Amino acid sequence: MKKRTIVLLIAVVIGLFVLASAAFTVDQTQKAIVIQLGRPVGSKELGPGLHFKLPLVQNVVFFDARILDFDANPEEITTTDKKYMEVDSYTKWRIVDPLTFYTKVRTIQGARARLDDIVRSQLRVALGRYTLIEVVSHKRKEIMGAVTTRSAELLASYGIEVIDVRIKRTDLPAENERSIFGRMKAERERQAKQYRSEGREASARLIATADKERSIILADANKQAEIVRGEGDGLATKIYADALGQSPEFYAFTRSLEAYRKGFDANSRFILTPKSPFLDYMQ
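This structure is a prediction, so every number in the text was calculated from the model and none was measured.

### Looking at unusual backbone geometry
For step 1, the next point in the chain: Of note, Arg-106 is a non-glycine position whose phi angle comes to about 70 degrees, a positive value.
For step 2, the next point in the chain: In this fold, Arg-106 is placed in the loop between α2 (98-104) and α3 (108-127).
For step 3, the next point in the chain: Since its relative accessible area comes to 42%, Arg-106 is described here as partly exposed.

Listed below in structure tokens is the structure:
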């Protein structure tokens, strides 16, 4: 009785071991294939859920079913106008056919190697058809669309779907940067000289215009002053004449007093005879 119990327990343990070795689960983010003696078993991949395999004979290879990133190393590419630039790109891709993928490239590292070769070559071909200005400005979307489409066609035979190819950054090589910086500096200096020359010309023109207007204003002012002065002198002469006509003696007396006031100061010296007419009103 004891022997039967022991045998039964051993059989149960072996059965559990075999069941544990045969059963496996596939996560929702994964796909899987069963490998027997290095070759895939079945005609399609296994989706999420519980599955079984032959213990010790078959193995399970899991693949990530999510969208993956491949960040390529920057490389130097020549545009159609013979300009060099360093292009840093990345690719969004995923495994859509695990059986084909395993047969052609085996691992993720192998897939990245194929992506690197094909995407790089398509980037060189596509960017080589455009100028540097077109690549960095308005043709970027068109170029990347063409690269994505062509790369997807070439990688479909590897069980890989290329979702998108994008350029992260485009830089000029160091020697090109120095050359372009030199040309930009020379251009800015030329523009600065032109602006300074135009400024000096405008300044001279403004100064000349201001001097001309000043001369005209001063001439008009002098003319007006002479006219007013002449009118004042004429009015004064008329007043003097009227005063002289009304009282010649008083006019003569007033003019003499004015002459005395202006002539007799601290530094005045006169040589006159007592009967000089200048002294008539002082006698």
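After that view of the structure, there is still more to cover.
### Examining the sheet that holds strand β5 (residues 58-64)
For step 1, the next point in the chain: Strand order in the open sheet made by the 3 strands is β3-β2-β5, with antiparallel pairing throughout. One side of each edge strand has no neighbouring strand; the edge strands of this open sheet are β3 (39-46) and β5. Looking at each pair of strands side by side, their axes are set apart by 25 degrees on average, direction ignored.
For step 2, the next point in the chain: Both strand β2 (residues 30-36) and β5 contribute to a ladder of 7 bridges, which runs antiparallel. Within β5, the residue paired with Ile-33 across the bridge is Val-61.

### Considering a nonpolar patch on the surface
For step 1, the next point in the chain: Residues Leu-54, Leu-56 and Val-57 make up a contiguous nonpolar surface patch of roughly 330 Å² in combined accessible area.
For step 2, the next point in the chain: Topologically, Leu-54 is positioned in the loop between β4 (49-52) and β5.

Criteria and thresholds
- Residues numbered from 1 in each chain as written.
- Predicted model: local features only at pLDDT ≥ 70, side-chain atom pairs only at ≥ 80, totals over all residues.
- Heavy atoms only, no water.
- Helix = DSSP H or I, 4+ residues; strand = E, 2+ residues; numbered from the N terminus.
- Buried < 20%, exposed > 50% of the residue type's maximum accessible area, 1.4 Å probe, protein only.
- Pairing = 2+ DSSP bridges.
- Axes fitted to C-alpha atoms, helices over the stretch in contact; angles between N-to-C directions.
- Patch = residues over 30% accessible without salt bridge, like charges linked within 9 Å, V, L, I, M, F, W, Y side chains within 5 Å.
- Areas by Shrake-Rupley, 256 points an atom, 1.4 Å probe, with all protein chains shown as cover.
- Salt bridge = Lys/Arg side-chain N within 4 Å of Asp/Glu carboxyl O.

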